[in-house]
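Structural characterization, general
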Amino acid sequence: MKFEIQQEDLQKALDVIAAVVPSKTTLPILSCVLVEATKESLTLSATNLDISITTSTTKATVKDPGRVAIPAVKFVPFVRSLRPGVVTISQKGDQLTLTSGKSRLTENTMNVNDFPALKKPEEKAALAIPADTLIDMINETAYAVSRDETRPALMGILWEVRAASLTMVATDAHRLARSVRKMEWKVSGDKNLIVDTNGLRQIPRIAAAARDEDSANTEVSIFVGGSQLSFRAGSTVLQVRLLEGPFPDYQAVLPKDNDKHVTVDKADFAQAIRRVAITADRVTSQIKLGIEAGRMELTARGTEGSTAEDEIQVSYQGDPLEIGFNYSYLQDILKNLQAESVVLSLKDSQSAALLKPVHDTGEDMGVLCLLMPLRLAGD
Amino acid sequence: MTPPPWDCGHPRAVLHVDMDAFYASVEVLDDPSLRGRPVIVGGTPEGRGVVAAASYEARKFGVHSAMGAGRARQLCPDGVFLRPRMDRYCELSAAIMAILRGYTPLVEPLSIDEAFLDVSGCRRLLGAPPVIAADIKRRIKAETGLTASVGVAGNKFLAKLGSDLEKPDGLVVIEPSQGRARIAELPIERLWGVGKVASVQFREGGVERIGDLLCHDPIALEARFGPHVHHLRALAAGLDDRPVVPTHEAKSVGNEITFAEDIADAAQLRAIGDELADKVARRLRSDGLRARTVVLKARYPDFTTLTRSVTLPAATDGGVEFRDAARELLEHRLGRGRRPLRLLGVTAANLVQPGDGAPAQGSLFGEPARERNQAVDRVLDQVAGRFGPLLRRGARAGRDPDAD
């Protein structure tokens, strides 16, 4: 195998796939990037078995087609460190040689036939979605996924694919985030999928690479098939494993009778939380919200006798209420709600709080968050 | 000045401090109206559960710890039956251990309410061992309101035996030179390591008292009772050179088993993993601890050893949580295919001490299953206390994991 390519083009292609290469693995071949050179194109792939990314470029000049598995650990940083210019990569036996000007790297390759066969997705019945919408929906939900490895389904994001909409839901049982968008697509039959979250976190990068290729690439195509969900953006394909259910019945826990609506300025609220949280108990992370007509008092009591208090203006008419929360959960939610103001709907100090962004247009963007309170001491 | 009643030439001085009817005494301490009444901790008046501790008033009726509460009820119908409050016992235990550590860093807790102290090195500073023992008793009484019995001797065995001789509120000094004579007349069961079965065998062989062991021919004793008898003879002679090993708060709680033959069968390995996880969870519960991390250790026939761990979202002592975590690690995280194993171990790490922050973070989906599991754990603990761990969660009739 032998090909030439501009350093910048090779680095871009590697940047798209390299994040998937696992740093620790029991299967040594996974620490490699797969490089396949044909007369038409150069294709680079990486996989950790849960997530696979393949990207192609026509910017290489292939002198001698071939396939090679190159350990990423030195190859990738070496390419990144090179000056702009032509890079020549050639393989002889088990040895790979990279030269660029006077710079040269020699590396042992691994048996290319050990590299897991990446099944090409069947690129038919694609669902097209604007990349920005897809990325927004992932950002609006991914922070709420569980890190509990004993409940794998909660580590993924639930996708409800419907005839004219897409819903994403993530929850760790303490909080829940849901995002719904109308879609202009044709789907035959409803589909519920639980998608690996780390896989979805690759999407901003592949979407950016696609736009970099061609500014007309503003959509991502989605293919549902077998045990994985595949995404194509430009000349990059991302394949993400689907997780086994069941996913909890989230519809059943969406509150219907939270009638105490508190509207707050998001920035005011976030800053007050940040201030009082400084003294919050390190183990419970608890802060207390005391809400009454027109104002909200925030309090955090530390274990060493320190207390912090703050007060912000809110729009609220109902009866006074006290409720405790883990402040870091509140911060996560506020960080990911895209709006100037937020409406907090409560029932009592024991029931889930509902948070929604408030938009000037009054239009419901279909984003909501649920957060269970931390019971206040003495309750 | 009266000469100290202790042989100052002896190299070692060991104290055994044993709280008197600890759980029951704590209950009386916290509710003085119980004073003088037969207090029985553990079990319910309806006769369920197992007695964890009985006050001396209750012991007069024949009630003792590890007895079924039903039997205790028959013996002592007017007894005050109380549920154990482990948090409170742990709190006082910590205070007592802190007092002991003020005398010497060489404190080896044996359980929540007893400990060995090696005071060999602090005689110059603190006085003769009997003086130290009396001071410890006085301070425990003054600072916690509870009484302790202390044995003072030249080694652990005699010290422990001594603390038991004059309970409650006892202080027994066994001079190193008198150890052998002092214990010769005691029944053979009082020897460490002689249980019910062995004592019957000894009595059948004409060994009724500790001193009898030294009168019989050692060769004949070995032929009849096995080589272990030499260790017992040393104890009977008042000799015991085991050191006092200071222990710190446990950092992990674990259990492992090396198989007689390598095991490849996935179902069998899973059953063993379940059992180990269950044991670890039970030990945590009995120590009042919770853990956040579960570690699985696997050794292959070629002696390579792998450990894999998973961190749980919240600290737990639940059998189901540990079992699920152990299964996940065994079946999905070992990553070396289905190779036979020669050893399997389950360890709970990242321990949370009792009373450490228990955030009452609500759950969106309710946790009826978890509450049910906790109830099952409690029942299993009680059953295990009475019958040994014969039963375990999810055991199925007609299938003995030890059989194949």
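As a starting point, this report considers the structure included with it. Since the structure is predicted, the reported quantities are computational estimates derived from the model, not experimental observations.

Definitions and cut-offs
- The numbering scheme is per chain: residues are counted from 1 as the chain's sequence reads.
- Just so you know, chain letters begin at A and ligand numbers begin at 1, following the order they were written in.
- The predicted origin of the model limits local features to residues at a pLDDT of at least 70 and limits the giving and counting of side-chain atom pairs to 80 or more, whereas totals for whole chains, interfaces and linings rest on all residues.
- Hydrogens are left out, water is left out, and the side-chain values use all remaining heavy atoms of the structure.
- Counting from the N terminus, the helices are the DSSP runs of H or I reaching at least four residues and the strands are the DSSP runs of E reaching at least two.
- Categorising residues by exposure relies on relative accessible area from a 1.4 Å probe, with only protein chains included: less than 20% of the type maximum marks a residue as buried, more than 50% marks it as exposed, and the intermediate range marks it as partly exposed.
- Pairs of residues are marked as contacts when any of their non-hydrogen atoms sit within 4.5 Å.
- Accessible areas in this description were obtained via Shrake-Rupley with a 1.4 Å probe; residue shielding takes into account the shown protein chains only.
- Whether two strands pair depends on DSSP finding at least two bridges between them.
- To get an axis, fit a line to the C-alpha atoms, keeping to the stretch in contact for a helix; angles then go from 0 to 180 degrees between the N-to-C directions.
- Here a crossing is called left-handed whenever its near helix is offset anticlockwise from the far helix by less than a right angle, and right-handed whenever the offset is clockwise.
- In the scheme used here, Gly and all other residues not listed as nonpolar or charged are polar, with Ala, Val, Leu, Ile, Met, Phe, Trp, Tyr, Cys and Pro taken as nonpolar and Asp, Glu, Lys and Arg as charged.
- Two parts lose some accessible area (1.4 Å probe) when they are put together, and adding that loss for both gives the buried area.
- By convention in these notes, a salt bridge is any Lys or Arg side-chain nitrogen within 4 Å of a carboxyl oxygen on Asp or Glu.
- Between N or O atoms, a polar contact is any pair within 3.5 Å; within protein, one atom must be a potential hydrogen donor and the other a potential acceptor, and residues adjacent in sequence are included only when both atoms are from side chains.
- Residue count minus one, scaled by 1.5 Å, sets the expected span of a helix.
- Throughout, the arc means the angular range of directions from the helix axis out to the C-beta atoms.
- In plain words, nonpolar cores are sets of buried Ala, Val, Leu, Ile, Met, Phe, Trp, Tyr and Cys residues tied together by side-chain atoms within 4.5 Å.
- Each aromatic pair joins two rings of Phe, Tyr and Trp (for Trp, the six-membered one) with centres within 6.5 Å, and gets the label stacked for planes under 30 degrees apart, edge-to-face for over 60, and tilted for any other angle.
- Criterion for a charge above a ring: Arg CZ or Lys NZ at most 6 Å from the ring centre, at most 35 degrees from the ring normal.
- Only protein atoms enter the 1 Å grid, on which a cavity is a set of points fitting a 1.4 Å probe that cannot get out and a pocket is an open set with protein on both sides within 12 Å along at least 5 of 7 lines, lining residues being those with an atom within 4 Å of a point.
- Grid points are joined across faces, edges and corners, and a volume is the space filled by probe spheres set on the points.

Now for the overall build of chain B. Looking only at helices and strands, one finds 15 helices and 12 strands in chain B. Among the 404 residues that make up chain B, the fraction classed as buried is 44%. Nonlocal contacts in chain B, meaning residues at least 24 apart in sequence, comprise 64% of its contacts between residues at least 6 apart. When the accessible area of chain B is evaluated, it comes to approximately 20300 Å², of which 52% is carbon and sulfur surface.

Glancing now at the pairing of strand β11 (residues 305–316) of chain B. Successive residues of a regular strand alternate their side chains across the two faces of the sheet. Residues and elements named next belong to chain B. Examined bridge by bridge, strand β10 (residues 290–299) and β11 share 8 bridges and lie antiparallel to one another. Within the sheet, the bridge partner assigned to Arg299 lies in β11 and is Thr305. A loop of 5 residues connects β10 with β11, the two strands running antiparallel in sequence, and Phe303 in this loop sits at a positive phi of about 75°.

Right, let's talk about the packing of helix α4 (residues 86–101) of chain B against helix α6 (residues 129–144) of chain B for a bit. Residue and element names in this part refer to chain B. The interhelical angle for the contact between α4 and α6, taken along N-to-C directions, is 145°, at an axis separation of 10 Å. Relative to α6, the crossing made by α4 is right-handed. When α4 is examined against α6, the residues Leu92, Ile96, Ile99 and Leu100 are found in contact with a partner set consisting of Ile136, Arg139, Ile140, Glu143 and Thr144. Considered class by class, the residues forming the contact of α4 with α6 number 6 nonpolar, 1 polar and 2 charged.

We now examine the sheet that holds strand β12 (residues 165–171) of chain A. Residue and element names in this part refer to chain A. One open sheet accounts for 8 strands, arranged β14-β11-β12-β13-β25-β24-β23-β18; its pairing is antiparallel. Single-partner strands in this sheet number two, and they are β14 (191–196) and β18 (260–265). Averaged over neighbouring strand pairs, the angle between their axes works out to 20° when direction is ignored. In the packing of helix α3 (residues 131–142) onto the sheet, the strands contacted are β11 (156–162), β12, β13 (175–182) and β25 (367–371), and the crossing angle to β13 comes to about 165°. Across the sheet, helix α7 (residues 327–336) touches β13, β23 (341–346), β24 (353–358) and β25, and the angle it forms with β25 is around 180°.

Another point: the interface of chain B and chain A. With 16 residues of chain B at the contact, the number on the chain A side is 23 residues. Of the roughly 1700 Å² buried between chain B and chain A on both sides combined, carbon and sulfur atoms contribute 65%. Here chain B and chain A share 0 salt bridges between them. If you look at where chain B meets chain A, you find 1 residue pair in polar contact (both at pLDDT 80 or more). Secondary structure elements with two or more residues in the side of chain B that touches chain A: β11 and α14 (319–333) of chain B. Looking at which element gives the most residues to the side of chain B that touches chain A, the answer is β11(B), with 4 residues. Taken together, the residues that form the side of chain B that touches chain A break down as 8 nonpolar, 5 polar and 3 charged.

Residue and element names in this part refer to chain A. Helix length check: helix α6 (residues 266–277) (12 residues) gives 16 Å between terminal C-alpha atoms against 16 Å at 1.5 Å per residue, within 8%. Of all the residues in α6, the buried ones are Lys266, Phe269, Ala272, Ile273, Val276 and Ala277. In a view along the axis of α6, the buried residues occupy a sector of 135°, so they form one face of it. Where α6 begins, the side chain of Asp265 points an oxygen toward the backbone nitrogen of Ala267, at a separation of 3.2 Å.

The subject of this paragraph is unusual backbone geometry. In this chain, Gly245(A) is followed by Pro246(A) through a cis amide linkage whose omega measures 0°. When you line up the elements, Pro246(A) lands in the loop between β17 (236–241) and β18. Here the bond from Lys167(B) into Pro168(B) is cis, since omega is -10°, no more than 30 degrees from zero. You can see Pro168(B) is positioned in the loop between α7 (156–163) and β8 (171–173). Positive phi, close to 80°, is recorded for Ala173(A), a residue that is not glycine. Considering the arrangement of structural elements, one finds Ala173(A) in the loop between β12 and β13. Looking at Ala173(A), the relative accessible area reads 5%, which means it is buried.

This paragraph deals with the nonpolar core. By size, the foremost hydrophobic cluster in this structure holds 103 residues, and its most contacted members are Phe75(A), Trp159(A), Phe231(A), Leu289(A) and Met296(A). Element by element, the count of residues in this core is highest for α3(A), at 6 residues. Ignoring any residue separated from it by four or fewer positions in sequence, one finds Phe75(A) in contact with Leu14(A), Val33(A), Ile70(A), Ile89(A), Leu96(A), Leu98(A) and Leu105(A). In this structure, Val26(B), Val39(B), Ala53(B) and Ile96(B) belong to the second largest nonpolar core, which totals 36 residues.

Another point: the sheet that holds strand β3 (residues 53–54) of chain B. Spatially, β3-β2-β4 (chain B) is the arrangement adopted by the 3 strands of the open sheet, whose pairing is mixed. Sheet topology places β3 and β4 (80–82) of chain B at the edges, where each strand pairs with a single neighbour.

Attention now goes to the pattern of salt bridges. All told, the structure shown has 36 salt bridges over all chains when counted by the stated rule. Here Asp15(A) makes a salt bridge to Arg80(A), at a shortest N to O gap of 2.9 Å. Of this pair, Asp15(A) sits in helix α1 (residues 7–17) while Arg80(A) is found in helix α2 (residues 72–81), placing the two residues 65 residues apart along the sequence. The class of Arg80(A) is partly exposed, set by a relative accessible area of 43%. Here Lys160(B) makes a salt bridge to Glu114(B), at a shortest N to O gap of 3.0 Å. Placement of the pair is Lys160(B) in helix α7 and Glu114(B) in strand β6 (residues 114–118), with a sequence separation of 46 residues. Residue Glu114(B) is classed as buried on the basis of its relative accessible area, which comes to 14%.

Moving on, we get to the packing of aromatic side chains. Between two aromatic rings, the relevant description is the distance of the centres plus the angle of the planes. Residue and element names in this part refer to chain B. Applying the stated criterion across every chain yields a total of 6 aromatic pairs over all chains. Here Phe202 and Phe225 contribute two aromatic rings whose centre-to-centre distance is 4.4 Å and whose plane-to-plane angle is 40°, an arrangement assigned as tilted. Remark: Phe225 occurs in helix α11 (residues 218–225) and Phe202 occurs in helix α9 (residues 196–204); sequence separation between them is 23 residues. One exposure class covers both Phe202 and Phe225, and it is buried. Through a chain of ring-to-ring contacts, three or more aromatic side chains come together here, namely Phe22, Tyr23 and Tyr89. One cation-aromatic arrangement involves Arg59 over Tyr56; the distance from NZ or CZ to the ring centre is 4.5 Å. The ring centre of Tyr300 lies 4.3 Å from the NZ or CZ of Arg339, which sits over that ring.

Here the second largest pocket is characterised by a volume of approximately 1600 Å³. If you list the elements that add at least two residues to the lining of the second largest pocket, you get α4 (197–200) of chain A together with β11 and α14 of chain B. Residues belonging to the lining of the second largest pocket are distributed by class as follows: 11 nonpolar, 12 polar and 11 charged.

Attention shifts here to the environment of Arg123(B). Position of Arg123(B) relative to the elements: it lies in helix α5 (residues 123–126). Distance in space between the C-alpha atoms of Arg123(B) and Ala13(B) is 8.8 Å, their sequence separation being 110 residues.

Here we come to the side chain of Ser179(A). Residues and elements named next belong to chain A. Positionally, Ser179 belongs in strand β13. Judged by its relative accessible area of 0%, Ser179 is buried. Within the structure, Ser179 has its side chain in polar contact with the side chain of Glu140 (distance 2.7 Å). If we skip the residues at most four places from it in the chain, Ser179 touches Met137, Glu140, Thr141, Leu166, Thr167, Met168, Gly366 and Val367.

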